[in-house]
Amino acid sequence: MASSKTDLLQGTLDLLILRTLALAPNHGLGISRRIQQITKGTFDVKPGSLFPALHRLEEKGWLDAEWGESENNRKAKYYKLTRAGQRRLAQETREWERVALAIARALEAT
Amino acid sequence: MFRRVFKRFRRGHAERELDAEVRAYVDQLTEEKVAAGMGRDQARREALMELGGREQVKEAVRDVRFGVWLENLVKDFAYGARLLARSPGFTAVAVLTLALGMGPSLAIFSFVDGILLRSLPYPEPERMVQLFQTSLKDGREDVPVSPPNFVDWHERAQSFESLAAFASTSEVLTGGEPERVGTAVVTPKFFEVFGTRPVMGNTFELSPAKPGQTEVILSYGIWQRRFGGRKEIVGENILVGARPHTVIGVMPRGFVYPAGIEVWLPLVFEPGEMKERNSAYLDVVGRLKAGVSVDQAQAELSTIAAQLGLQYPESNRQFGARVVSLHDEMVRGVRPALGMLSSAVAFVLLIACVNVANLLLVRAVGRERDLAIRSALGAGRTRLMQQLLSEGFLLAVGGGLLGLLVAWLSLDALRQLSPVALPRLESVKLDARVTAFAFALMGLTTLIFGMAPAWQAAGFHASESLKEGTRATCGAARTRLRSVLVVTEIALSLVLLIGAGLVLRSLWSLLSTHPGFDSRNILTADLYLARGKFREHASKAQFAEALVERLSAIPGVETASLATHLPLGGTTMVYGFLVEGDMEAPTKEWAPDRGSEPLRSAGLRLVTPQYLHTLRIPVLRGRGLLTQDVSGRRDVMLVNQTMARKYWPGEDPIGKRIRIARGRTPAWCEIVGIVGDVRHDGLHVPPVPEMYVPLAQQSAHLFRVALRTTGNPASFAQAMREAVWSVDKDQPVTRVRTLQEVIGSSVGETRFYGVLLGVFATLALLLATFGIYSVMAYSVTQRTREIGIRLALGAPTAKVLNLVVGQGLRLAIIGIAVGIAGAAYATRWVEKLLHGVSRTDPATFAAVAGVLLVAVLAACWIPARRATRVDPLVALRHE
């Protein structure tokens, strides 16, 4: 659990979800845990933000959803990245890097 | 419709999925905690808490889904608008076509809404009914009611909250500029039936009117117009029919029942009237008690009529009763015609939609690449269809708004043109309801014309269409679709044109029907004798005689006569009569095998002797009426041929005597002649039995004047008036018209529908022709390469022409065949309007098919000519 609650912008959440799914398809809880994991605990995404984001990404055609079996043999809805989603991920990553670089420069400037 | 069902199914499906997804999440979280060592119940509780409320999560998802959908929709509209703006020619043609389709539909809908759909403007209009007597013998269902019957109905019936009788006449208001107004005499509960209270003052007292009562109620219109809208009018005296009446109330604005009435007087039943059960002249309206249905009231009234039939067999045996919703009765005549017009405009709309569908199909070819790219980018099939339909909807909105404008502009002209008899004309207007219908129509038409192109276009496989040269395979299916659409257009136009053709032919036939009299050069006028002045029969007879003398003396007048009713001048009065010989068995049951019943009825006309000459009605047997046939002498009468045939089949009625049930002391009249039939009720109504009785022997308060003149009858109007005033200077002379004018209004109805149908059919033809033209033109463009090769190889231009035109003709012939089959079925709906022409009249069918064939050929000709001008070199390079 994160020590301080860090707010997530919608675009950032999208990026994290896309990144998470780039490696392998996953279901809702799995995605949340994975984001926690790869951000070393900084972001703990609650279902109230996660589900709307997942559905929006699906509606936009960047994710595909399919019902499958989870680890303990329960039914779960699995999301995976589509080709359009891959392109979106690449696009957003570039954008993020551009912005991060710009802000870093701004903070260093005298 | 498919899509709507599909979507609803998906929504339910999506809801279930969402619920399952959230449930699965909670389960997994619970499992996680249990695995970490927590107790199951505790784990579950904590999991639910972390979820943060199941409904909130689901609601958030729903919002998001809706938000995305809306965003897409807006983007689609914006994109669609941009695309349409980029091809203004296409957009203009499509919008115009849709406007031509929707405009007529909206105009007709205004009529349908105002007349049929809107309920009457009175409180609880569904409880208002009209009552008639029915003639069990000749099946007439709209016989008026006699005062004693009405009184009995009123006393015995339990189904009604209020029941009232009325009769329309007109009176002259004097004391100022003399003005004739429509008047109605009404029983006390009249205004209660309509649930309308006067805006000032009171209505008539609840007790039945006594003779000599002189109260009057004014309409709002006349109160403003003639009496300056003064508040003090209540209590004042005004002169109605030369007698002072006290104004006791003013009705609110817009209340006019019956139509055209401005003044209401109390209905006074003279004591003598109460014995005459056959003197049927009252209209009856009523308001049902709450919870009583029309059927229940009908059952009760039929029983009462049967009771009266047993109680008073000589008069009531042949009469039943009918209760019908007031609204239904008012619009009954017009309903089938409006239905027909609605179908006609639906056809026009369909043809317009088919045109636009064709245009869209053609356009879709150019959009292949664009759609393919979108598809590759991840747009699902539904999404693509949504995009294309949004574009179509924009076109529909444009067409619809333009159509509303067209309808609005033409509504005035339509109202002018419409026959006077059209009920509730005042409620026909373009208002919010019609506008709402317009928007609904926009959605509907989008689906109709947009579905096929959108479905086809979205069914692409992206990879295929990005390749070149695949047009052949996709093209075949699309060409077939276009051909089907063209055939549909031709068939629809054919049906519409045939319908219009039949009605127009009927119109022609109607106008040339011999009405049984000569209507040329006859001037008419109405004379209402003031009841106060002319009470005795003798005074009326004297007046009539003097009048005829003066009128005949006018230079240029061939003959002059008076009659209670002129041809086509409105409903006649029907009276029962007894034939001498019926009296033999007054109480015994009538013998059915004799083929006749004890009581018969016929229309009655009181006329002066010259009437037959004036109207050139032939005397077929016996003699006409003579000046010697006056009161005091032998009572005589004439019957028309229909009456003779009906009641004395195979016998000669001349010499027989009959007694008409009218007046206080009906006498036995001898039939002295048979005259030719006259179509009194309308040119399309077959003649009914009628009797002619000398005006000198029975009396009436209302005469019509008929003058046969040499030369233009209208020029004798002033001379006629002066002749009347020379006998009585206060006698108002009203409704001076030539007989031709009177007849003209009778065909007004058929003319109205004929004109409208003709306009719609022409519109349909133009649209269909244009549709065919555009399809042919496109087809030629498609085959430019092929045509170029043929020309280059030396094919004669004629052969190329045949190629193109032949294609069009093939489609036309199929379309015409389908259309004829359709028309043979569909013409049953115009049957009511037809006159003198069968509904499968071969001449009309053939003529219309011919016209359509010519139109198709013309539509093919231009593209065909263009095809022959193709430069082979250019064509070969053509893609």
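Keep in mind that what you see is a predicted model, and the values were worked out from it rather than measured. By convention here, each chain's residues receive numbers from 1 onward along its written sequence. Chains and ligands are labelled by the order in which they are written, letters from A for the one and numbers from 1 for the other. Side-chain atom pairs in this predicted model are given and counted only at pLDDT of 80 or more, local residue features only at pLDDT of at least 70, and totals for whole chains, interfaces and linings cover all residues. Calculated side-chain values reflect all of the structure's heavy atoms, with hydrogen atoms and water omitted.

**Q** Would you mind going over the environment of Gly676(B) with me for this structure?
**A** Residue and element names in this part refer to chain B. Strands here are runs of E lasting at least two residues and helices are runs of H or I lasting at least four, both read from the DSSP assignment and numbered beginning at the N terminus. Relative to the helices and strands, Gly676 resides in the loop between β18 (668–675) and β19 (690–694). Counting along the chain gives 439 residues from Gly676 to Asn237, while the straight-line C-alpha distance between them is 49 Å. Every residue in contact with Gly676, bar those within four places of it in the chain, is listed here: Ile617, Pro618, Leu620 and Asn640. Here, two residues are considered to be in contact whenever any of their heavy atoms come within 4.5 Å of each other.

**Q** What is the right way to look at the pairing of strand β17 (residues 657–660) of chain B in this model?
**A** When a strand is regular, its side chains alternate between the sheet's two faces. Residue and element names in this part refer to chain B. Per-residue accessibility, obtained with a 1.4 Å probe over protein chains only, is compared with the maximum for each type, and a residue is labelled buried under 20%, exposed over 50%, and partly exposed between these values. Because side chains alternate across β17, one face comprises the buried residues Ile658 and Ile660, and the other comprises Arg657 and Arg659, none of which is buried. Of the pairings in the sheet, the one linking β17 to β18 comprises three bridges and is antiparallel in character. From the neighbouring strand, Arg657 faces β18, where its bridge partner is Glu670. Two strands make a pair as long as DSSP finds a minimum of two bridges between them.

**Q** Before we go on, may I ask you to explain the confidence of the model for chain A in this structure?
**A** Low pLDDT means the predicted coordinates in that region are not meant to be read closely. Residues and elements named next belong to chain A. Think of pLDDT as the predictor's per-residue confidence, scored from 0 to 100. Averaged over every residue, the pLDDT of chain A is 84; residues scoring 70 or more account for 92%. Looking across chain A, the model is least confident in strand β2 (residues 63–69), with a mean pLDDT of 87, and most confident in helix α4 (residues 83–108), with 90. With pLDDT under 50 throughout, residues 1–5 is counted as low confidence; its partners more than four residues away or in other chains account for five contacts.

**Q** Where do I start with a nonpolar patch on the surface in this structure?
**A** Residue and element names in this part refer to chain B. Only residues above 30% relative accessible area that lack a salt bridge enter a patch, with like-charged residues linked at up to 9 Å and the nonpolar side chains Val, Leu, Ile, Met, Phe, Trp and Tyr linked at up to 5 Å. Each accessible area is a Shrake-Rupley result for a 1.4 Å probe, and residues are judged covered by the shown protein chains and nothing else. Salt bridges are identified by distance alone: a Lys or Arg side-chain nitrogen within 4 Å of an Asp or Glu carboxyl oxygen. Together, Leu96, Leu100, Leu402, Leu405, Trp408 and Leu409 make up an exposed nonpolar region whose accessible area comes to about 580 Å². Elements with a contribution of two residues or more to the nonpolar patch: α4 (88–117) and α13 (381–417). No other element matches α13, which puts four residues into the nonpolar patch. Its location among the elements puts Trp408 in helix α13. On the basis of relative accessibility, which here comes to 53%, the residue Trp408 falls in the exposed class.

**Q** Would you mind showing me how to read the nonpolar core here?
**A** Side chains of a nonpolar character, in soluble globular proteins, are inclined to be buried together. Residue and element names in this part refer to chain B. Formed by 96 residues in total, the largest nonpolar core has its most connected members in Phe111 and Ile115. Broken down by element, this core gets its largest block of residues, 17 residues, from helix α11 (residues 335–366). When neighbours within four sequence positions are excluded, Phe111 is seen to be in contact with Leu116, Leu338, Leu411, Leu414, Arg415, Leu422, Leu425, Val428 and Phe752. Leu527, Ile554, Met691 and Val724 belong to the second largest nonpolar core, which has 42 residues in total. Among buried residues, those of type Ala, Val, Leu, Ile, Met, Phe, Trp, Tyr and Cys that are joined through side-chain atoms within 4.5 Å constitute a nonpolar core.

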